[in-house]
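# Fold and geometry: a report
Chain by chain, the residues run as shown.
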Amino acid sequence: MRNIFLTLLVTGLFVLNSCGNDPQEASAMEQEMTEDTVNKEVTSSPEKKNRPRIVFFGNSLTAGYGLDEQYSFPSQIQYKIDSLGYNYEVINAGLSGETTAGGRNRIDWVMEQPMEIFVLELGGNDVLRGFELTATRENLAAILDAVRNKYPEVKLVLAGMEAPPNMGEAYAQEFREIYQELAVEKKAALIPFLLADVGGIKELNLPDRIHPNKDGQVIVANNVWQVLAPLLEKE
């Protein structure tokens, strides 16, 4: 199923619209981002104020593209946390169209409020737009370093993605190893493939067959939960 998913990455509208924007639109959106916009994404609700924060920082996969926010996998994680009696607030800082460069530019705004756990999900759009993987690696590393430098006790989680097969096996392996190596280097927990058991499965995705639907989001949340749960602490 993974191969089916990767093939879909380079077919139809998804080639340049995997995260809801073509390169020019995404670039324009990134340039128009303001501090107020980002702060709205990460503002705590009154009933959750002062709870330790888990920040999910990514692109449309994190934002829950095409769905109401309550169905995104970060929201599913919040439901799971609440049901199990953990005292954490989940912040969805996903932005459709985001690249690693865009994420690097806006990370300072997201870090204005303290965080206990930081989950980084970026890189897929870099591949689709043909960016150099050296830049992707550098940007991901810079984001993780920025968070760790500001919050030395933060727990880092890195969500891995896969490159489409038309890029060649060597390229795909290099892309995969970025996440594996950075997880070790930056002492981050690794989600090997965020869309495992979801990617390429028609019934679990929106009509674009790329972005998870409500059922797919539940499975993605479970993929995340397997790695996130050991990092949580109960008071």
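Up top you'll find the structure we're talking about.
Residues numbered from 1 in each chain as written. Predicted model: local features only at pLDDT ≥ 70, side-chain atom pairs only at ≥ 80, totals over all residues. Heavy atoms only, no water.

## Considerations on the packing of helix H7 (residues 100-110) against helix H9 (residues 133-150)
Working note: a packed helix pair is described by the angle between its axes plus the distance between those axes. Quick note on the threshold: Note on method: axes are straight lines fitted to C-alpha atoms, helices fitted across the in-contact stretch only, with angles between N-to-C directions ranging 0 to 180 degrees. Strands are runs of DSSP state E lasting at least two residues, helices are runs of H or I lasting at least four, and both sets are numbered from the N terminus onward. Geometric relationships in this document are graded by angle, where less than 35 degrees denotes roughly parallel, more than 145 denotes roughly antiparallel, 65 to 115 denotes roughly perpendicular, and other angles denote oblique. The hand of a helix crossing depends on one turn: near helix anticlockwise from the far one by less than a right angle means left-handed, and clockwise means right-handed. Whether two residues are in contact is decided by their heavy atoms: any pair within 4.5 Å suffices. Note on residue categories: nonpolar means Ala, Val, Leu, Ile, Met, Phe, Trp, Tyr, Cys or Pro, charged means Asp, Glu, Lys or Arg, and polar means any other residue, Gly included.
Where H7 contacts H9, the axes come no closer than 9 Å and their chain directions differ by 20°. The orientation of H7 with respect to H9, classified from their angle, is roughly parallel. H9 is crossed by H7, and the crossing has left-handed handedness. From H7, Thr100, Ala101, Gly103, Arg104 and Ile107 reach across to H9, where they touch Ala135, Thr136, Glu138, Asn139, Leu140, Ala142, Ile143, Ala146 and Val147. A per-class count over the contact of H7 with H9 returns eight nonpolar, four polar and two charged.

## Looking at the environment of threonine 136
Using the following cut-off: Burial classes: relative accessible area under 20% of the type maximum marks a residue as buried, over 50% as exposed, and values in between as partly exposed (1.4 Å probe, protein chains only).
By secondary structure assignment, the location of threonine 136 is in helix H9. The class for threonine 136 is buried, based on a relative accessible area of 0%. With 42 residues separating them along the chain, threonine 136 and isoleucine 178 place their C-alpha atoms 8.4 Å apart. Not counting residues up to four positions away in its chain, the partners in contact with threonine 136 are Thr100, Gly123, Asp126, Phe175 and Ile178.

## Considerations on the pairing of strand E2 (residues 89-94)
Moving residue by residue along a regular strand, the side chains alternate between the two faces of the sheet. Spelled out, the test is: At least two DSSP bridges between two strands are needed for those strands to be called paired.
In terms of burial, E2 is a largely internal element, six of the six residues being buried. In terms of strand pairing, strand E1 (residues 53-58) meets E2 through six bridges, oriented parallel. When the sheet's bridge partners are listed, phenylalanine 56 is paired in E2 with asparagine 92.

## Considering the sheet that holds strand E4 (residues 155-159)
Within a beta sheet, neighbouring strands are joined by backbone hydrogen bonds and run either parallel or antiparallel to one another. With parallel pairing, the five strands of this open sheet are ordered in space as E2-E1-E3-E4-E5. Edge positions in the sheet fall to E2 and strand E5 (189-191), since each of these pairs with one other strand and no more. Direction aside, the axes of adjacent strands within the sheet are offset by 15° on average. Two elements, E1 and strand E3 (residues 117-121), share five bridges in a ladder whose sense is parallel. Residue phenylalanine 56 lies in a different strand from E3, and its bridge partner there is valine 119. The sheet strands contacting H9 are E1, E3 and E4, and the helix crosses E3 at an angle near 170°. Sheet strands touched by helix H11 (residues 214-228): E1, E3, E4 and E5. Its angle to E5, the strand with the most contacts, is close to 160°.

Function cannot be inferred from these measures alone, as they are strictly geometric.
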